[in-house]
Amino acid sequence: MSHHPNPRSLLTTQMRGVLDRIARAGHPPMHALSPDQAKRAYEAGAGVLDMAPHKLARVEDLLIPARDGFQIPARLYAPASEQPLPVLMYLHGGGFTVGSVATHEPLCRHLAHLSHCAVVSVDYRLAPEWKFPTAVHDAWDSLVWLGEQASALRLDGTRLAVGGDSAGGTLASVTAIAARDAGLPLSLQLLFYPGTAGHQDTPSHKTFADGFLLEEPHISYFFGQYLRSAADRDDWRFAPLDGVDESGHVRELDGVAPAWIGLAECDCLTDEGVMYADRLRMAGVPVDLEIYAGVVHGFIQFGRAIPQAMTAHNDAARALRHAFG
């Protein structure tokens, strides 16, 4: 993609209004806060522009045992159903550092309602207390547990999908590769503006570095909290697009689950999202790619203000219903 001379002109009127309101509110930038303060600030702001939480017949708190004995909190959302429902395991965004089941609750409730499936949202462990690859392990351990416990939870373990936004999209794509490696069939990987590259050097990173909600200093801050060293940037479990395994090989993508990928046009992560879609297609994986014009990173949680948020929820839900048959 070429460098745009005036990238702000690409924004929709509503999106520009939201960004102006956020700027006027004058909160300190997240990268100026301690990780604890950043977590609290993100939590406090999360619901402001989001849609009202959808009422559902079934909401249950779960504890998922991780490989080191830690109990990972998770929450199951499901509409009423006589039959065991298929299930989407959802991994929230927040740069591996902020965000939670709570911050992504309206999104997960809406996806469960629209897709007529169960959604299990996972509170994987966050940086800086828990460095890479703990979140990757928590995501995988949660998927394996869900598959094993599905019938006890009145879910259909033969119809499993993984999904996530931003850093959660990274974790979902990595989990889909691990599922392929383990012979665990997945119906879909649902990725909202995932990070996939180890280095932030694509043109969209330059074009949208400043003033489009997710800014370059945020990315450096998050990765500084999460990664143990610069070498982790080149690990496929952080960078499924271009990272390598222990033997120095890029992970092949043939045989991973079909993908639905929803990107924001005005987002530094757009190019690597498109590149990941291309790599999947080259590997013979069915890919449905949507790029929502004039909106920024994070827009799927702005349902009250940004009409494209509802469009994206509906598109993702259609992909889930289709994948689950």
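Each value, and the rule that gives it
Residues numbered from 1 in each chain as written. Predicted model: local features only at pLDDT ≥ 70, side-chain atom pairs only at ≥ 80, totals over all residues. Heavy atoms only, no water. Core = buried A, V, L, I, M, F, W, Y, C linked by side-chain atoms within 4.5 Å. Buried < 20%, exposed > 50% of the residue type's maximum accessible area, 1.4 Å probe, protein only. Helix = DSSP H or I, 4+ residues; strand = E, 2+ residues; numbered from the N terminus. Contact = heavy atoms within 4.5 Å. Pairing = 2+ DSSP bridges. Axes fitted to C-alpha atoms, helices over the stretch in contact; angles between N-to-C directions. Expected span 1.5 Å × (residues − 1). Disulfide = S-S within 2.5 Å. Salt bridge = Lys/Arg side-chain N within 4 Å of Asp/Glu carboxyl O.

S.K.: So what's going on with the nonpolar core? Which residues, and what values?
M.R.: Across soluble globular proteins, nonpolar side chains have a tendency to be buried as a group. In this structure, Y226 and F299 are the most contacted members of the largest nonpolar core, which totals 110 residues. The greatest single-element share of this core, amounting to 8 residues, is contributed by helix α5 (residues 167–182). In contact with F299, not counting residues within four places along its chain, are Y193, L263, A264, Y292, Q308, A309 and A312.

S.K.: Can you break down the sheet that holds strand β8 (residues 287–296) residue by residue, with the values?
M.R.: Taking strand neighbours across the sheet as the criterion, the 8 strands line up as β1-β2-β4-β3-β5-β6-β7-β8 in an open arrangement whose pairing is mixed. The two strands at the open ends of the sheet, each matched to only one other strand, are β1 (58–65) and β8. Averaged over all neighbouring strand pairs, the angle between strand axes comes to 20°, with direction disregarded. Across 5 bridges, the pairing between strand β5 (residues 155–165) and strand β6 (residues 188–192) is parallel.

S.K.: Which residues make up α5, and what values go with them?
M.R.: The end-to-end C-alpha separation of α5 is 22 Å, in line with the 22 Å expected for 16 residues at 1.5 Å each. Across the 16 residues that make up α5, a large majority, 13, are buried. Just downstream of α5, G183 is the residue with a positive phi angle, here 70°.

S.K.: Go over the state of the cysteines, please, and point to the residues and values.
M.R.: Taken as a whole and assessed by the stated rule, the structure comprises 0 disulfides. Here C108 stays free of any disulfide, with the sulfur of C117 as its closest cysteine sulfur at 9.8 Å. In this structure C108 comes out as buried when scored by relative accessible area, which is 0%. Of the residues examined, C117 reaches a relative accessible area of 0% and is grouped as buried.

S.K.: Run through the environment of I22, naming residues and quoting values.
M.R.: Checked against the element boundaries, I22 lands in helix α1 (residues 13–25). With 191 residues separating them in the primary sequence, I22 and L213 have C-alpha atoms 8.8 Å apart.

S.K.: Could you give an account of the pattern of salt bridges, naming the residues involved and the relevant values?
M.R.: Within the structure shown, the criterion is met by 16 salt bridges. Its salt-bridge partner being E129, residue K39 comes within 4.0 Å of it at the nearest N-O pair. Of this pair, K39 sits in helix α2 (residues 35–46) while E129 sits in the loop between β4 (118–122) and α4 (134–149); the two residues are 90 residues apart in sequence, bridging distant segments of the chain. Where D156 meets R159, a salt bridge forms, and the shortest distance between an N and an O atom there is 2.7 Å. Taking relative accessible area as the criterion, R159 reaches 24% and is therefore assigned partly exposed. Several salt bridges converge on common partners, so that one network encompasses D61, R75, E105 and R109.

S.K.: How would you summarise unusual backbone geometry if you had to cite specific residues and measurements?
M.R.: Look at the link from A127 to P128: it is a cis peptide, with omega at 0°. Cis rather than trans, the peptide bond between F132 and P133 has omega equal to 5°. Examined against the element boundaries, P133 turns out to sit in the loop between β4 and α4. For F96, which is not glycine, the phi torsion reads 65° and is therefore positive. For F96, the position within the fold is in the loop between β3 (85–91) and α3 (105–115). Unusually for a residue other than glycine, H116 sits at a positive phi of about 50°. For H116, the location among the structural elements is in the loop between α3 and β4.

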